[in-house]
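# Survey of secondary and tertiary structure
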Amino acid sequence: MKKIKLDIVGLSYSQTQSGAYALVLGESGGNRRLPIIIGSHEAQAIAIRIEKMVPSRPLTHDLFQNFAKAFQINLEEVLIYNLIEGIFYAKIICSDGQKTVEIDARTSDAVALAVRFGAPIYAYDFILSSAGIVIEGNEFAFLENLENAVSSEVVPDDIKEETTKPQIQNPFSSLTDEQLKTVLEQSLHDENYEQAALIRDEISRRK
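Residues numbered from 1 in each chain as written. Predicted model: local features only at pLDDT ≥ 70, side-chain atom pairs only at ≥ 80, totals over all residues. Heavy atoms only, no water.

## Observations concerning the overall build of the protein
- Scanning the protein from N- to C-terminus turns up eight helices and eight strands.
- Relative to its 207 residues, the protein shows a buried fraction of 45%.
- Long-range contacts, defined as pairs at least 24 residues apart, comprise 57% of the intrachain contacts of the protein with a sequence gap of at least 6.
- For the protein, the exposed area adds up to about 11,000 Å²; of that, 49% sits on carbon and sulfur atoms. (Helix = DSSP H or I, 4+ residues; strand = E, 2+ residues; numbered from the N terminus. Buried < 20%, exposed > 50% of the residue type's maximum accessible area, 1.4 Å probe, protein only. Contact = heavy atoms within 4.5 Å. Areas by Shrake-Rupley, 256 points an atom, 1.4 Å probe, with all protein chains shown as cover.)

## Examining the environment of I93
- Relative to the helices and strands, I93 resides in strand 5 (residues 87-95).
- On the accessibility criterion, I93 (11% relative accessible area) is buried.
- When near neighbours in sequence (up to four residues on either side) are disregarded, I93 contacts N74, L75, E76, E77, T100, V101 and E102.

## Things to note about the packing of helix 1 (residues 40-50) against helix 3 (residues 107-117)
- Viewed as axis vectors pointing N to C, helix 1 and helix 3 meet at an angle of 15°, and their least axial separation amounts to 9 Å. With respect to each other, helix 1 and helix 3 are oriented roughly parallel. The element helix 1 and its partner helix 3 pack so that their crossing is left-handed. Of the residues in helix 3, those in contact with E42, A45, I46 and R49 of helix 1 are S108, D109, V111, A112, V115 and R116.
- Here the residues of the contact of helix 1 with helix 3 sort into five nonpolar, one polar and four charged. (Axes fitted to C-alpha atoms, helices over the stretch in contact; angles between N-to-C directions. Parallel < 35°, antiparallel > 145°, perpendicular 65-115°, else oblique. Left-handed = near helix turned anticlockwise from the far one by under 90°. Nonpolar A, V, L, I, M, F, W, Y, C, P; charged D, E, K, R; others polar.)

## Describing the nonpolar core
- Membership of the largest hydrophobic core comes to 37 residues, with the highest contact counts inside it found for L6, L34 and I80.
- The greatest single-element share of this core, amounting to six residues, is contributed by helix 3.
- The residues contacting I80, other than those within four sequence positions of it, are L6, L25, L34, I36, F88, Y89, A90, T107, Y122, A123, Y124 and I127.
- Residues I48, L180, L184 and A196 belong to the second largest nonpolar core, which totals six residues. (Core = buried A, V, L, I, M, F, W, Y, C linked by side-chain atoms within 4.5 Å.)

## Things to note about unusual backbone geometry
- Phi is positive for Q72, which is not a glycine, with a value near 55°.
- For Q72, the location among the structural elements is in the loop between helix 2 (60-70) and strand 4 (74-84).
- Positioned with a positive phi, E85 is a non-glycine residue whose angle comes to about 50°.
- Structurally, E85 is set in the loop between strand 4 and strand 5.
- A residue is classified by how much of its surface remains accessible, and E85, at 75% relative accessible area, is exposed.

Structure representation (structure tokens):
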């Protein structure tokens, strides 16, 4: 099956789905986007590395990376290989230079590890064909109106983390630029990285 390389093009908070975030992966060199609902902890882990924030102590995904490197294990790539009833399935492909092993993982965890190892992210073409959204025109407009572009199918609470139904609104959108900077500095000082990631989202959106 054909593999498509993906890049992270968006990560936003969903105010209407408590604790949920929308991770948007984009087809490299193409116009298809794959939105995935993930949990707050995984969103925080992804955002911290993307924004180059440094936590005072290693987070779970940092610990995994440190553990793997201590034993000369590298994450070669992440592959989103299936989509069943709205749930994405992924695996991380690891190697110690002699042996390659595929390990099943939640998509959110796999992406959080990929950004730490600098590993490429792939998905099979049939997944993008069935769950991807083709953008036409402005990428920013697509991200702003993401909840209207995605299926309105009701998602059960127990499978909400990695599905295809994001509804986006940042709770810090009403603050001024100066207020955002002040709250961001305080969030980093308090090690509230989840809130810091939301503020970074809003600052990036305004640029």
